[in-house]
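So the chains spell out like this:
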Number of protein chains: 2
Amino acid sequence: MSTDLMPNRYRPGESELPRRESELIARRDKVLGASYRLQYRRPVHFIRGEGMWLYDPDGRAYLDFYNNVPCLGHCHPEVNAAMADQAGRISANTRYLEPKLVDYAARLVGTFPNELDRVVFTCTGSESNDLALRIARCASGKEGVIVSTYAYHGTSAATAAVSPNLGDAVKLSPFVRMVSLPGPAGVPEAQAADFFEMQIRSAIMDLKRRGIGVAALLIDSIFSSDGVWVDPPGFVAGGAAAVREAGGLVIADEVQPGFGRTGAYMWGFERHGIVPDLVTLGKPMGNGFPIGAVVGRRAPMEQFGATSRYSNTFAGNTVGIAAAEAVLTILQRDQIPQKALAVSERLRAGLEKLAKQRHEVRAIRNAGLFFGVDMGAEGTPAAGRRAIAVDVVNAMRDDGVLISTTGANEDTLKVRPPLVCQAEHVDLFLASMERALIRVAG
Amino acid sequence: MSTDLMPNRYRPGESELPRRESELIARRDKVLGASYRLQYRRPVHFIRGEGMWLYDPDGRAYLDFYNNVPCLGHCHPEVNAAMADQAGRISANTRYLEPKLVDYAARLVGTFPNELDRVVFTCTGSESNDLALRIARCASGKEGVIVSTYAYHGTSAATAAVSPNLGDAVKLSPFVRMVSLPGPAGVPEAQAADFFEMQIRSAIMDLKRRGIGVAALLIDSIFSSDGVWVDPPGFVAGGAAAVREAGGLVIADEVQPGFGRTGAYMWGFERHGIVPDLVTLGKPMGNGFPIGAVVGRRAPMEQFGATSRYSNTFAGNTVGIAAAEAVLTILQRDQIPQKALAVSERLRAGLEKLAKQRHEVRAIRNAGLFFGVDMGAEGTPAAGRRAIAVDVVNAMRDDGVLISTTGANEDTLKVRPPLVCQAEHVDLFLASMERALIRVAG
């Protein structure tokens with residue numbers, strides 16, 4: 001596991017920066033809390049965004065293959081108009097009657113399997129996962145939570161405590177159990193489902209024998225922070241069934257895979273053929289407006305609601321709903337996920353071609369437009385693999401293309417462009433990646 | 001303590017509703033989670049807001065004396081324009097360099113005492129309190145948290161666990177201790193500070209003897225959910241000092257008192273003459289846009305930041321910063337808190353006059369434009385007092401004026417208009433309250 005939990009970041013003194021940037025960083029450090037990190041060795045600064053592109057103060061364009069929040073592209077005029085129009089009328093909260101809230105809620109749950117027919121709104125993905133854990137613990141009467149070895153589920157105290165990705169200094173809950181994923185463990189695909197289920201059954205047994213019991217299995221179906229381990233489709237199903245059998249709930253963290261990121265499906269869990277009890281939403285839901293949600297089955301929602309009121313001042317306010325409604329309309333009307341799937345195939349083919357030419361490209365994994373590309377030839381030690389990944393990311397940044405790293409060793413390129421990515425952008429990305437590999441590895 | 005934790009709410013079948021509303025509620029119940037509550041016996045529905053006024057679908061105007069989120073009034077055109085303009089340029093996150101983020105952060109901490117010079121942004125008040133607890137536990141190395149008997153600090157798992165206001169079904173943390181406030185305990189003002197400090201010293205001792213230790217005293221200086229107990233100014237100072245002496249941090253929850261609500265001060269803790277270690281912000285910060293923050297001393301921020309990265313996808317994005325920047329500019333430029341203080345004196349005088357005429361007005365407390373008005377004549381049993389309060393709130397709602405209830409027995413009227421409230425609105429409010437008292441109590 002990486003000792004540096006965010007290798008792709010700015011470290012004072014490491015890079016020569018222009019005076020404009022170094023002065024701004026000095027001012028920033030004097031006023032922002034020390035828990036902030038800047039991305040890239042030479043941090044970026046953008047004053048304008050449009051579609052797939054971001055522009056710095058000198059007018060230089062950067063191709064965005066990293067930001068999954070603006071799923072419809074930066075500064076989408078239709079979403080912004082919906083938001084501004086609603087802000088000029090009213091921003092009502094959920095304790096007042098509001099047909100727009102109900103209409104959007106109905107449209108949203110309409111995109112889920114029938115069993116998932118209730119929704120509660122939040123402002124962030126962290127709030128969604130935090131609330132889902134509260135609901136699961138209330139409905140199950142148990143405390144235990146099972147996550148993947150390098151999972152990340154949020155920044156609140158309760159979600160950070162089930163996020164091993166945050167590193168040794170952020171203490172895990174005594175009620176969390178971690179399960180290995182078959183991919184990084186080197187288990188062949190044919191045994192992947194059995195391996196995953198066996199791990200989960202062991203965790204359930206352990207939680208049970210200690211009197212903790214299992215409240216939830218909490219998984220992101222892309223396993224993005226673990227390094228993007230998406231195959232084989234369905235490998236999580238047996239483990240999920242074991243958790244339900246033991247009285248726990250299955251929570252699908254769709255903050256990253258949701259809203260069509262995987263191309264073929266609106267929701268990432270569908271790719272695994274499961275129906276979770278609770279589903280958590282965030283990032284792309286409002287194309288940048290802070291809105292998230294927990295969608296769930298009626299029974300746990302009612303068990304929670306019978307004793308607990310959940311009142312989130314901003315969540316579900318009419319302005320956020322207007323933004324989210326516009327996003328859903330555009331996603332469906334313009335068949336954005338379907339188009340993203342087609343583009344993802346072009347990107348996959350291009351990366352495979354590149355992998356044949358460059359032995360530093362060790363493996364490629366993706367579900368739709370979420371790619372993990374392992375860096376470093378077979379046999380390269382962990383530190384060397386990580387160094388190549390971080391070097392490539394920063395060489396591409398200097399070349400005007402934005403990506404970052406992920407995975408337990410942070411040696412996997414994390415590639416997840418806005419869903420409106422087109423063939424021409426894929427080609428620009430591939431050319432830049434090839435240049436970066438030559439620059440880094442010769 | 002009230003058995004019904006939210007007495008001022010809609011209960012199916014209790015009130016006759018027009019078909020439009022009853023059909024919307026039926027649709028709503030089929031799709032929203034059961035943890036939602038609708039305010040008022042006959043829920044309200046607004047399609048337009050402007051300044052102090054909200055308008056229902058029939059064009060009827062309601063005077064808003066309840067919503068403290070739109071501190072500058074509903075749908076403020078200047079704030080909305082700032083938000084829309086920024087949304088059309090870029091919505092950058094905090095991992096990129098952004099002068100606007102740094103400029104606003106500097107302006108914001110500039111409104112605090114010198115010792116408080118660092119800020120981390122969040123999306124909600126709950127996230128702010130949750131993060132403040134994480135920082136306090138990291139910096140102190142301890143777990144214990146001291147709150148008031150009927151405190152409310154948020155909806156996340158960690159904040160709900162220190163919010164006795166949420167009721168018996170929402171389990172408190174084993175690490176929380178509750179202290180009584182002098183006011184509701186009937187302690188005379190001259191002994192209030194000693195009483196509060198003694199309670200806190202007992203809690204510290206208890207936490208210490210159990211090996212838990214004290215991480216934080218977490219208080220809202222208005223004690224709004226306890227029933228608005230604001231006097232005498234300074235009564236919390238000795239208790240706060242005792243916590244710091246024991247190695248704990250003082251967290252001022254300014255989600256309600258902050259941004260000039262108390263009139264004479266920008267921050268509620270100033271009224272008590274203390275300088276906290278951490279201050280949490282939320283509700284009015286963006287006049288409705290989901291943005292909050294933790295402002296704090298450098299030392300705990302650095303202790304936390306050295307081991308923990310805090311990455312909140314939406315928090316501090318440029319659009320939220322633009323809204324918050326506009327709010328701060330208008331508050332300062334138009335001297336909103338100072339004007340609110342003058343108006344609060346008119347409201348106070350009017351309520352005192354009413355109290356002389358109506359024995360159901362038992363007591364009046366306020367700090368600036370946050371009022372608690374106890375209902376029910378001396379000697380009225382708790383249930384009767386609560387019934388009068390809820391009846392008055394609903395009679396005023398039917399009369400076109402919005403307020404609600406608060407306090408351990410929910411028999412205190414909670415009155416907190418947008419800060420742009422004028423003398424004419426105060427007079428309309430007082431006339432409506434008098435009519436409601438006559439209607440309810442004869």
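These numbers were taken from a predicted model, which means no experiment stands behind them.

## As for the sheet that holds strand β14 (residues 404-406) of chain A
All names here are of chain A. The strand order across the open sheet built from four strands is β11-β12-β15-β14, with neighbouring strands paired in antiparallel fashion. Bordering the open sheet on either side are β11 (361-367) and β14, each of which pairs with just one other strand. Taking the axes of each pair of neighbouring strands and ignoring which way they run, one obtains an average angle of 30 degrees across the sheet. As judged from the three bridges shared by β14 and strand β15 (residues 412-415), these two strands associate in the antiparallel manner. Bridging across to β15, T405 finds its partner in L413. In this fold helix α10 (residues 336-357) packs onto β11, β12 (370-375) and β15, with an angle of close to 170 degrees to the strand it touches most, β11. Packing of helix α12 (residues 423-441) onto the sheet brings it into contact with β11, β12 and β15, and relative to β12 it is tilted by some 15 degrees.

## Observations regarding the relation of the copies chain A and chain B
Least-squares fitting of chain A to chain B yields an RMSD of 0.0 Å, with the superposition described by an axial translation of 0.0 Å and a rotation of 180 degrees. Interpreted geometrically, this transformation is the action of a two-fold axis. Of the interface residues in chain A, 100% have counterparts in chain B that sit at the interface too, so the contact is made through matching surfaces.

## A word on the interface of chain A and chain B
How big an interface is tends to be expressed through the accessible area that disappears when the partners come together. Counting residues at the interface gives 94 residues for chain A and 94 residues for chain B. Together chain A and chain B conceal approximately 8100 Å² of surface at their shared face, both sides included; 59% is due to carbon and sulfur atoms. Contact with chain B buries surface across chain A, with Y96, L97 and R309 of chain A losing the most and accounting together for 11% of the total. In this assembly, chain A and chain B are joined by two salt bridges. Linking chain A with chain B are 38 residue pairs in polar contact (both at pLDDT 80 or more), by the criterion used here. Mapped by element, the contributors of at least two residues to the side of chain A that touches chain B are α1 (19-29), β1 (48-50), α2 (77-89), α3 (99-109), β4 (116-122), α4 (125-140), α5 (157-160) and α8 (298-307) of chain A. For the side of chain A that touches chain B, the element with the highest residue contribution is α3 of chain A, accounting for seven residues.

Reading the values: the criteria
Residues numbered from 1 in each chain as written. Chains lettered and ligands numbered in written order. Predicted model: local features only at pLDDT ≥ 70, side-chain atom pairs only at ≥ 80, totals over all residues. Heavy atoms only, no water. Pairing = 2+ DSSP bridges. Helix = DSSP H or I, 4+ residues; strand = E, 2+ residues; numbered from the N terminus. Axes fitted to C-alpha atoms, helices over the stretch in contact; angles between N-to-C directions. Contact = heavy atoms within 4.5 Å. Least-squares fit on C-alpha atoms with pLDDT ≥ 70 in both. Buried area = accessible area lost by both parts, 1.4 Å probe. Salt bridge = Lys/Arg side-chain N within 4 Å of Asp/Glu carboxyl O. Polar contact = N/O pair within 3.5 Å; in protein donor to acceptor, adjacent residues only side chain to side chain.

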